[in-house]
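Structure assessment
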Amino acid sequence: MLVSVYTFAVVVNLVISGTVKQTLVPDYLLGRVTASSRFISWGVQPVGALLGGWLGTRFGLVEVMVTASVGLVASAFWPLFSPVRTLITLPGDGDGDGGEGGDGEPEKGPVPDEGRV
């Protein structure tokens, strides 16, 4: 059960961050931005492993894993419950209207059907 919740949170974070990155970054820089992002995120994994090991030794493995899981799941909630779910274009998307639908509000797509997954 906890593994599926963890996996769900990771997938939500990856999809949203990848979509925003592809929308904001010009095509000719996308490879460099992706490589830099991976270099930084994968580069700090050994530091996180050492810190997690130290915290697990100090406070207990179960407590540290539950705290980390709660933090990961919480990070998946903001895109699910924010307007980013319904955006079609982002502000300043280069089409001349600043990403706004004429009324000063960001353009939004159709609201997802709540009955479908």
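It should be emphasised that the depicted structure is a prediction, and the values quoted were computed from it without experimental measurement. (Residues numbered from 1 in each chain as written. Predicted model: local features only at pLDDT ≥ 70, side-chain atom pairs only at ≥ 80, totals over all residues. Heavy atoms only, no water.)

What follows covers the overall build of the protein chain. From N to C terminus, the protein chain includes four helices and zero strands. The order of helices and strands in the protein chain, counted from the N terminus, is α-α-α-α. Buried residues in the protein chain amount to 13% of all 117 residues. The contacts of the protein chain with a sequence gap of at least 6 include a subset with a gap of at least 24, amounting to 36%. (Helix = DSSP H or I, 4+ residues; strand = E, 2+ residues; numbered from the N terminus. Buried < 20%, exposed > 50% of the residue type's maximum accessible area, 1.4 Å probe, protein only. Contact = heavy atoms within 4.5 Å.)

On to helix α3 (residues 45-59), then. Across its 15 residues, α3 extends 20 Å between first and last C-alpha, which sits within 8% of the 21 Å expected from 1.5 Å per residue. Among the 15 residues in α3, one count as buried, and that is only a small part of the element. Positive backbone phi, approximately 110°, marks glycine 60, located one or two places after α3. (Expected span 1.5 Å × (residues − 1).)

Checked against the element boundaries, threonine 34 lands in helix α2 (residues 27-43). Here leucine 30 takes part through its backbone oxygen, which lies 2.9 Å from a polar atom of the side chain of threonine 34. (Polar contact = N/O pair within 3.5 Å; in protein donor to acceptor, adjacent residues only side chain to side chain.)

Let us look at the environment of glycine 56. Within the secondary structure layout, glycine 56 lies in helix α3. Beyond its immediate stretch of four places on either side in the chain, glycine 56 contacts Leu61 and Val64.

Taken residue by residue, the protein chain gives an average pLDDT of 77. The fraction at 70 or more is 74%. When the elements of the protein chain are averaged for pLDDT, helix α1 (residues 2-24) gives the smallest value, 81, and α3 the largest, 94. Low confidence marks residues 96-102, where pLDDT is under 50. Its contacts with residues over four positions away, or in another chain, come to 17 contacts. (pLDDT = per-residue confidence, 0-100.)

Let's shift gears to a nonpolar patch on the surface. A surface patch of nonpolar side chains, about 450 Å² in accessible area, is lined by Phe39, Ile40, Val44 and Val47. As for its placement among the helices and strands, isoleucine 40 is situated in helix α2. Residue class for isoleucine 40 comes out exposed when judged on its relative accessible area of 56%. (Patch = residues over 30% accessible without salt bridge, like charges linked within 9 Å, V, L, I, M, F, W, Y side chains within 5 Å. Areas by Shrake-Rupley, 256 points an atom, 1.4 Å probe, with all protein chains shown as cover. Salt bridge = Lys/Arg side-chain N within 4 Å of Asp/Glu carboxyl O.)

Turning our eyes to something else, we now look at helix α4 (residues 61-80). A rise of 1.5 Å per residue sets the reference length of α4, with its 20 residues, at 28 Å; its end C-alpha atoms lie 29 Å apart and thus fit the reference within 8%. Turning to α4, its buried residues number three or more, namely Val64, Val73, Ala76 and Pro79. All buried residues of α4 project into a common sector of 160° when viewed along the axis, lining one side. In α4, the exposed residues that point more than 90 degrees away from the buried face are Thr67, Val70 and Trp78. (Arc of directions from axis to C-beta.)

Right, let's talk about the packing of α3 against α4 for a bit. Viewed as axis vectors pointing N to C, α3 and α4 meet at an angle of 130°, and their least axial separation amounts to 7 Å. Here α4 runs oblique to α3, going by the angle between their axes. The residues of α4 that touch α3, namely those facing Gly52, Leu55, Gly56 and Phe59, are Leu61, Glu63 and Val64. Along the lines of polarity and charge, the residues of the contact of α3 with α4 split into four nonpolar, two polar and one charged. (Axes fitted to C-alpha atoms, helices over the stretch in contact; angles between N-to-C directions. Parallel < 35°, antiparallel > 145°, perpendicular 65-115°, else oblique. Nonpolar A, V, L, I, M, F, W, Y, C, P; charged D, E, K, R; others polar.)

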